[in-house]
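Close look at the chain arrangement
Residue strings, one per chain:
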Amino acid sequence: MTYAITQTCCSDATCVAVCPVNCIHPTPQERAFGSTEMLYVDPKTCIDCGACADACPVDAIFPVDSLPASQAGYAAINEAYFAGQEPGPDSTGPNFHHWSAPSFERSLPSDFAPIRVAVVGTGPAGMYAAEDLLLHTDAEVTLVDRLPVAGGLVRYGVAPDHPATKKVGDTFARFHDHPRVRMHLGVEIGKDITAAELAAHHDAVIYAVGASTDRRIGVPGEELPGSISATAFVAWYNSHPEVAPDAVDLSSRRVVVAGNGNVALDVARILVADPAALAGTDIADHALAELRASKVREVVLLGRRGPEHAAYSASELLALKHLPGVELVVDDHDPRTAATIDGAAAGEKAELLRGVTRETVDWSRTPGSARRIVFRFHSAPVQVLGDDAVRAVRVTGGPDELDIPAGTLLRAVGYRGVPVAGLPFDEATGTVPHEGGRVKGMPGTYVAGWIKRGPSGGIGANRACAAETVGTLLDDAVAGSLPAPVPAPKAFLRLARSRSRHVVDAKGLAAIDRAELTRGRDGGRPRVKFGTVPELIAAAKGGRWKLPG
């Protein structure tokens, strides 16, 4: 028996570090790391020790013979990765094969003095950076977030029906009350405190603020009511306090989604999923109520290119194929689509659509009562039609343009970073210019995550990204090039509290967590999140909060 890595793989390589026979690839030292959709177990090398499964933060690794039917295909997916690329045997070491050895080393001088580092953002990139500093140095870490609750992308970006992926948050939560951590939630840099003030209180500052807005499609009518960014839609069903409960209207029978990446598949899946199944998740109460009343029966996924170039991962498509009560359809309007699917080799992304129903969709017909998702490749929106709300989306495909009647357009064409007050910003890429994470022209200032590299890669990709940034920071510290903080360590706490009326610390965050878990337990759910800033602050202070329903 061997183990296999499955859909929820976060690719943070924790499993690589604990594998005694080096059977998980690509490792962080290999060129393919970060460019593959997930990590893979070599079945010929695996010794069935289970160390990887124990270490996996998102419960993605299982024995092959215990995989459920919906994930049985991952045994072949893991094996296929190694076809034709197996190295020769290693006669010089304990590994069965001569792969490059995994390494997560931090080497510092014995007299390395503790430094004070502020990390702005408590999502994956920020917490991987904090973890690296806390585990490998004696640094004191100040965690800052503009929202009064920690979590970032894990809390507000992961779909509620992916609970295993959310478990990575438990790994990060271990550091929230670490003795060398000071937490200041509800403090916005650039508004409550300037970047210069933050820098003056610390040896170094790491900005891990993500990419909080969406890319635009750039077509007429994009601003009509009913045209919504997938960023806002995901935040809406995840109880983000900056998105109103009534921001989404699901009263039309068809929704068009522009894009075919993982976020596009996420929103499509939520739109047609059985609300009874979602009722057992931490989905926002207002979103669950809207989905229960929803009239949506058909979601159309527009892909500008063919299925061989689809941006979604094979894992997300496989999950969609096993969604109960939902039919998948490929619009057969373009002969290139069928030719690509039929000609795809085993293991190619397009091959996964073989066997999916194909039809030339009659868009003039109102969707029936059955729920379905339609993949329309070689098609892109050119105009959103409607007077005071979306009524149709005009798309390309074939010799003529076509109008697809729909009451909602979800724009899922990517995220984009926004400028950070006091930092340089590249408008073309939506990132902060840097060298190995070091912000150009600002000694002691660093970036990690999507604001550093752009919105690419999932949760686990931030680990290697943060490691590079922390490595650069430590190199600068050893070289003595970090500007020394002037105020005393506790001065920043006084400053933060003088500028923000409701600063939430680790104790307050723990109170929020307990309250949300209690609300969930009372409602038979894992958690019921607070959806407004006042509710979060009240819970942090141990105040009364209203039970749902």
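1. Overview of the overall build of the protein chain
Counting its regular elements, the protein chain contains 19 helices and 23 strands. The globule rule puts the C-alpha radius of gyration for 549 residues at 24 Å, and the 24 Å found for the protein chain is close to it. Projected onto the principal axes, the alpha-carbon positions of the protein chain cover approximately 70 × 65 × 50 Å. In the protein chain, buried positions account for 53% of the 549 residues. For the protein chain, the accessible area works out to roughly 23,500 Å², and carbon and sulfur atoms hold 52% of it.

2. So, the sheet that holds strand β16 (residues 381-385)
In space, the three strands of this open sheet follow the order β16-β17-β18, with antiparallel pairing throughout. With partners counted over all chains shown, the strands left at the sheet margins are β16 and β18 (402-405), one partner each. Neighbour-to-neighbour, the strand axes of the sheet open up by a mean angle of 25°, direction not taken into account. Of the pairings in the sheet, the one linking strand β17 (residues 392-395) to β18 comprises four bridges and is antiparallel in character. Within β18, the position partnered with Ala 392 by the bridge is Pro 405.

3. Quick word on the side chain of Thr 2
With respect to the helices and strands, Thr 2 occurs in the segment before β1 (3-5). Look at Thr 2 and you get buried, because its relative accessible area is 14%. Contact partners of Thr 2, with chain neighbours within four places excluded, come to Val 41, Asp 42, Pro 43, Cys 46, Phe 62, Pro 63 and Val 64.

4. Some points on the pattern of salt bridges
Tallying each qualifying case throughout the model produces 30 salt bridges. The salt bridge involving Asp 266 is made with Arg 269; its shortest N-O contact spans 2.9 Å. Highlighted residues: Asp 266 and Arg 269, both in helix α10 (residues 262-272), separated by three residues, approximately one helical turn. Owing to a relative accessible area of 11%, Asp 266 belongs among the buried residues under this scheme. Classification of Arg 269 as buried rests on a relative accessible area of 3%. Taking the shortest distance from any N to any O, the salt bridge between Arg 269 and Glu 316 comes out at 3.5 Å.

5. Side note on the nonpolar core
Of all hydrophobic cores here, the largest spans 121 residues; its most connected members are Ile 24, Ile 206, Tyr 237, Ile 373 and Phe 375. For Ile 24, the residues in contact, after removing those within four places along its chain, are Ile 5, Cys 15, Val 16, Cys 19, Leu 39, Tyr 40, Val 41 and Cys 52. Counting 20 residues, the second-largest nonpolar core is a separate cluster that includes Val 205, Tyr 207, Ile 451 and Leu 495.

6. Focus: helix α13 (residues 314-321)
Counting buried positions along α13 gives seven out of eight residues, so the element sits mostly inside the fold. Burial in α13 covers these residues: Ala 314, Ser 315, Glu 316, Leu 317, Leu 318, Ala 319 and Leu 320.

7. Section: the state of the cysteines
A complete count under the given rule lists zero disulfides for this structure. Lacking any disulfide linkage, Cys 10 is separated from the closest cysteine sulfur, that of Cys 9, by 6.0 Å. For the unlinked cysteine Cys 49, the closest cysteine sulfur is that of Cys 19, found at 6.1 Å.

8. Observations regarding the packing of aromatic side chains
Throughout the structure, instances matching the rule amount to eight aromatic pairs. With 5.0 Å between their ring centres and 90° between their planes, Tyr 128 and Phe 172 make a pair best called edge-to-face. With Tyr 128 in helix α4 (residues 124-136) and Phe 172 in helix α7 (residues 168-173), this residue pair connects regions lying 44 residues apart in the sequence. In terms of burial, Tyr 128 and Phe 172 fall into one category: buried. Taken together, a centroid distance of 6.1 Å and an interplanar angle of 70° make the contact between Tyr 312 and Phe 375 edge-to-face. In this pair, Tyr 312 sits in the loop between β12 (298-302) and α13 while Phe 375 sits in strand β15 (residues 371-376), placing the two residues 63 residues apart along the sequence. The same class applies to Tyr 312 as to Phe 375, namely buried.

9. A closer look at the packing of α4 against helix α16 (residues 461-478)
Where α4 contacts α16, the axes come no closer than 8 Å and their chain directions differ by 50°. Looking at the two axes, α4 sits oblique to α16. Of the two elements, α4 crosses α16, and the hand of that crossing is right-handed. Residues Pro 124, Ala 125, Tyr 128, Ala 129, Asp 132 and Leu 133 of α4 form the contact with α16, whose own contacting residues are Asn 462, Arg 463, Ala 466, Ala 467, Val 470 and Leu 474. For the contact of α4 with α16, the per-class residue count stands at nine nonpolar, one polar and two charged.

10. Brief notes about the side chain of His 201
Structurally, the position occupied by His 201 is in the loop between α8 (195-200) and β8 (204-207). What makes His 201 buried here is its relative accessible area of 10%. In terms of polar contacts, His 201 uses its side chain to reach the backbone carbonyl oxygen of Glu 197, at 2.8 Å.

11. Some remarks on the sheet that holds β12
Strands sit in the order β10-β19-β11-β12-β15-β13-β14 across an open sheet of seven strands; the sheet is parallel. Two strands bound the open sheet, and with one partner strand each, they are β10 (227-229) and β14 (357-359). Neighbouring strand axes in the sheet, compared pairwise and without regard to direction, differ in orientation by 25° on average. Pairing of strand β13 (residues 326-331) with β15, which is carried by five bridges, proceeds in the parallel orientation. Within β15, the residue paired with Val 326 across the bridge is Arg 371. Its contacts with the sheet put helix α9 (residues 230-237) on β10 and β19 (408-411), and the angle it makes with β10 is roughly 75°.

The rules we used
Residues numbered from 1 in each chain as written. Predicted model: local features only at pLDDT ≥ 70, side-chain atom pairs only at ≥ 80, totals over all residues. Heavy atoms only, no water. Helix = DSSP H or I, 4+ residues; strand = E, 2+ residues; numbered from the N terminus. Rg over C-alpha atoms; globule rule 2.2 N^0.38 Å. Buried < 20%, exposed > 50% of the residue type's maximum accessible area, 1.4 Å probe, protein only. Areas by Shrake-Rupley, 256 points an atom, 1.4 Å probe, with all protein chains shown as cover. Pairing = 2+ DSSP bridges. Axes fitted to C-alpha atoms, helices over the stretch in contact; angles between N-to-C directions. Contact = heavy atoms within 4.5 Å. Salt bridge = Lys/Arg side-chain N within 4 Å of Asp/Glu carboxyl O. Core = buried A, V, L, I, M, F, W, Y, C linked by side-chain atoms within 4.5 Å. Disulfide = S-S within 2.5 Å. Phe/Tyr/Trp six-rings, centres within 6.5 Å; stacked < 30°, edge-to-face > 60°. Parallel < 35°, antiparallel > 145°, perpendicular 65-115°, else oblique. Left-handed = near helix turned anticlockwise from the far one by under 90°. Nonpolar A, V, L, I, M, F, W, Y, C, P; charged D, E, K, R; others polar. Polar contact = N/O pair within 3.5 Å; in protein donor to acceptor, adjacent residues only side chain to side chain.

Just geometry here; none of it tells us what the structure is for.
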